[in-house]
Amino acid sequence: MRVLTLLQVLPLSLALAGNSGPSGHHGPSCKASPDGDDWPSPSQWAALSKSVDGRLFVPTPPGAVCHPGERSYDPERCVVVQSEWIAWGFHEQDAVSTAINNFNNDTCLPEPDYPCSPGGYPRLVVNATQVEHVKRAVEFAKKHSLRLNIKATGHDFLGRSNAPNSLSIWTHHMKGMEFHDSFKPKGCRTSIDTTAISAEAGSQMYELYTALDARGQTLVGGGGKTVGIGGYVTGGGHSILSGKHGLAADNVLEVEMVTPEGKFLIANECQNEDLFWAVRGGGGSTFGVLTSITMHTFPTPTMPNLIFAAILPLGDPQLVDLWAYGLSHLPHLVSSGVYGYMYLLPAFPLPGSVGDETTDTVVSGFYFTGLMPGQPDVSTFDTVMAPLMAEMNTKFESLTLASYTVMYDNFLDWYNLNHDQSTTGEDMYLGSRLFDEKSLTADEDALREMLEKVVAPYPSGSLAHFIGGEGVWNAEPRGGSNAVLPAWRNIVSHQTVNAKFPPLNVTAEQEARRIIETRVSYLRELTPDTGSYVNEAYVYEPDFQHAFWGNNYDRLLAIKRRIDPLDVLWCHPCVGNERWEEVGGKLCKV
Ligand SMILES: Cc1cc2nc3c(=O)[nH]c(=O)nc-3n(C[C@H](O)[C@H](O)[C@H](O)COP(=O)(O)OP(=O)(O)OC[C@H]3O[C@@H](n4cnc5c(N)ncnc54)[C@H](O)[C@@H]3O)c2cc1C
Ligand SMILES: *[C@@H]1O[C@H](CO)[C@@H](O)[C@H](O)[C@H]1NC(C)=O
Ligand SMILES: *[C@@H]1O[C@H](CO)[C@@H](O)[C@H](O)[C@H]1NC(C)=O
Ligand SMILES: *[C@@H]1O[C@H](CO)[C@@H](O)[C@H](O)[C@H]1NC(C)=O
């Protein structure tokens, strides 16, 4: 029955393509492609389908509903898809959708005037709900030398959860959580005296926060409600709570995973220690498919919140000086226990909430939202901010300062109103650089010069996540260390820039690349000793190996070569990807 169902849904071209026997014997120079004779035969696909309980299917690009002539064409549904396209949550619910269009090569946007083909998306998807499904899919990809993809939410800013002509493992429906009052890593003799949560691979931030809140707890998690635990934790994972509790990767107690050989194993401080080290910061879809992650949890903190704006009239000559002032005082903020997000903007509408009636006035300057997790009330902000405000008022002639405070009793109360509300569904590149105290304070002229070049010319400005602090600097990851960029241990702030561009316009895309490359190069000049945050970085970051992992790279590469000698898992920019390159829609040996 299941076999027939699969064959019925396979498009004719696919069902007819390729009918070679088992292909273990060839040493392919490219991963199998649907139009080659190394592509598995229909009966081989049917066998895979059977082994995964019929959960294999040929995906339809989500934008196809807008294209007359496509099988899924549905003008009513198209209107819905068009309006939901900007929501991260839309792309998370689709088996293959990527939140950022250029990572499917704009191949089927929800606009009838653009072309639509499945070319930029995986060919087949396993809708996994169990470890066994993941194992079977990995084994099949290995045996047939298929390009293998792992998608949880498709949120990735570097496109690492999509691959053309691949078999994709969709982990979104691997839900399930277990709560622990203390946790004994399997194979260890003693328990770790902490509360903890074990969450399956499809778990997302808001699910984790709400489930833990019901127990009076929370964890180190991300700003977006739909961000998935797999990509977030494997990249390191920063949080508004990191300044106190470290990175997400610092909070992991154990992982369960399927290796690129298709073997299920448990990694923690007592077994598979190398893998345990590598998956905590070494990146997603590289060392295996994580099926469950166990993390330290802690009592939910009080969240005193300060919203603060430093405003100058448009065109004020002191704007760059004001930004420099803001950035150079981030070390003061984080060492006082204030963590948050600072927006540096050449022009922004004066926020109505700041307490002014003239809400449509456009101004310039910076604003931030700052938290002091665990403090009993908002009065502590006065102590931290008063000297700064006095100094700013004397330094900047036309300055307006505006601020207000709100007290939240717990993390979830704050998060419900203040989670990341950004939109997506566009073509975009991101750039990242990490700033330590020295780079923010040692050379004021250099800081100003950077701001002139990196922030002033661009309406989207720059975002400084000031999430470093004691928790990150003095983190004690289980087993002694993990694979996050060592520079994180001195970091005050993670600064991002972005460039958006219209789809299917090569000139505009190249312009966006040049803009990000230029801006990141100036950020890099000021921070030669740090690096970039892998999960929010530029996909074509030069020497990404060292920008993302510093001198952890050699050990990561050695582990990758040992666990995945055949490069069953490959992505860009990921550890150990040097032996293959993308040629059009194919992945071939260098
Ligand atoms: C709105 C928003 C807010 C964000 N806020 C933060 C933040 O506060 N802090 C922060 O650090 N980052 C933040 N991020 C960035 C986030 O960490 C990355 O987008 C991350 O890639 C998301 O992981 P994912 O699993 O949801 O995404 P996906 O795109 O599905 O996957 C990302 C990568 O992880 C791999 N992967 C996913 N699951 C697994 C698994 N089970 N096993 C192995 N590999 C896997 C994928 O193959 C891919 O390589 C935010 C992103 C968004 C969109
Ligand atoms: C994937 O599996 C889930 C859980 O069984 C199911 O609800 C969903 O409809 C499936 N999606 C697709 C596209 O097969
Ligand atoms: C493509 O982008 C370039 C650069 O932004 C722009 O000048 C050009 O008009 C665009 N082309 C089309 C067809 O929109
Ligand atoms: C992306 O699409 C363009 C056509 O718009 C094509 O020339 C190019 O080869 C595609 N890239 C990949 C990686 O498939």
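Note that the coordinates shown come from a computational prediction; the quantities given were computed from them, not determined experimentally. (Residues numbered from 1 in each chain as written. Chains lettered and ligands numbered in written order. Predicted model: local features only at pLDDT ≥ 70, side-chain atom pairs only at ≥ 80, totals over all residues. Heavy atoms only, no water.)

Visitor: Where do I start with the UniProt feature "domain: FAD-binding PCMH-type" (unreviewed entry) in the protein in this structure?
Guide: UniProt records the feature "domain: FAD-binding PCMH-type" (unreviewed entry) for residues 118-300 in the present numbering. Between the C-alpha atoms that bound residues 118-300 the distance is 45 Å, and the span itself is 22% helix and 25% strand. (UniProt positions renumbered as here; feature names shortened; annotations may be inferred. Helix = DSSP H or I, 4+ residues; strand = E, 2+ residues; numbered from the N terminus.)

Visitor: Any chance you could explain the confidence of the model for the protein here in plain terms?
Guide: Caution is warranted with low-pLDDT regions, since their predicted coordinates should not be read in detail. Overall, the prediction assigns the protein a mean pLDDT of 94, with 94% of residues at 70 or greater. Mean pLDDT across the secondary structure elements of the protein bottoms out at helix α1 (residues 2-9), with 36, and peaks at strand β8 (residues 252-258), with 99. Predicted confidence for residues 1-26 stays below pLDDT 50, and this span has 40 contacts to residues more than four positions away or in other chains. (pLDDT = per-residue confidence, 0-100. Contact = heavy atoms within 4.5 Å.)

Visitor: I keep staring at the site of ligand 2 and nothing clicks. Help me out?
Guide: What surrounds ligand 2 is the set Arg-55, Phe-57, Asn-127, Trp-170 and His-173. With respect to ligand 2, the side chain of Asn-127 contributes an N or O atom lying 2.4 Å from an oxygen atom. Considered on its own, ligand 2 offers 360 Å² of accessible surface; in the complex 45% of this is hidden by protein. In the shell around ligand 2, the residues fall into two nonpolar, two polar and one charged. (Near = heavy atom within 4 Å. Polar contact = N/O pair within 3.5 Å; in protein donor to acceptor, adjacent residues only side chain to side chain. Areas by Shrake-Rupley, 256 points an atom, 1.4 Å probe, with all protein chains shown as cover. Nonpolar A, V, L, I, M, F, W, Y, C, P; charged D, E, K, R; others polar.)

Visitor: Looking at this structure, I do not really get the layout of surface pockets. What am I missing?
Guide: Empty space among the atoms can be located by rolling a probe the size of a water molecule over them. Here the second largest pocket defines a volume of roughly 710 Å³. Secondary structure elements with two or more residues in the lining of the second largest pocket: β3 (147-151), β16 (427-436) and α18 (506-526). Partitioning the lining of the second largest pocket into residue classes produces 15 nonpolar, 14 polar and seven charged. (1 Å grid on protein atoms, 1.4 Å probe; cavity = no way out; pocket = protein on both sides within 12 Å on 5 of 7 lines; lining within 4 Å. Points joined across faces, edges and corners; volume = space filled by probe spheres on them.)

Visitor: Please explain the state of the cysteines as it appears in this structure.
Guide: In a disulfide, the sulfur atoms of two cysteines are covalently bonded to one another. Counting across every chain of the model gives five disulfides. Between Cys-30 and Cys-588 runs a disulfide, and the two sulfur atoms are separated by 2.1 Å. In this structure, the disulfide formed by Cys-30 and Cys-588 twists by about 100° around the S-S bond and is classed as right-handed. In this pair, Cys-30 sits in the loop between α2 (12-16) and α3 (42-51) while Cys-588 sits in strand β20 (residues 586-589), placing the two residues 558 residues apart along the sequence. Through a disulfide, Cys-188 is tied to Cys-270; the S-S separation comes to 2.0 Å. (Disulfide = S-S within 2.5 Å.)

Visitor: It is not clear to me how the sheet that holds strand β4 (residues 166-170) should be interpreted in this structure. Could you clarify?
Guide: Sheet strands pair by backbone hydrogen bonding; their relative direction is either parallel or antiparallel. Taken in spatial order, the four strands make up an open sheet running β1-β2-β4-β3, and their pairing is mixed. Strands with a single pairing partner mark the edges of an open sheet, and in this sheet they are β1 (56-57) and β3. Note that β3 and β4 share five bridges and pair parallel. Within β4, the position partnered with Arg-147 by the bridge is Ser-166. (Pairing = 2+ DSSP bridges.)

Visitor: How should the site of ligand 3 be read in this particular structure?
Guide: Around ligand 3 sit Asn-505, Ala-508 and Glu-511, and that is every residue in its neighbourhood. For ligand 3, an oxygen atom lies 2.4 Å from a polar atom in the side chain of Asn-505.

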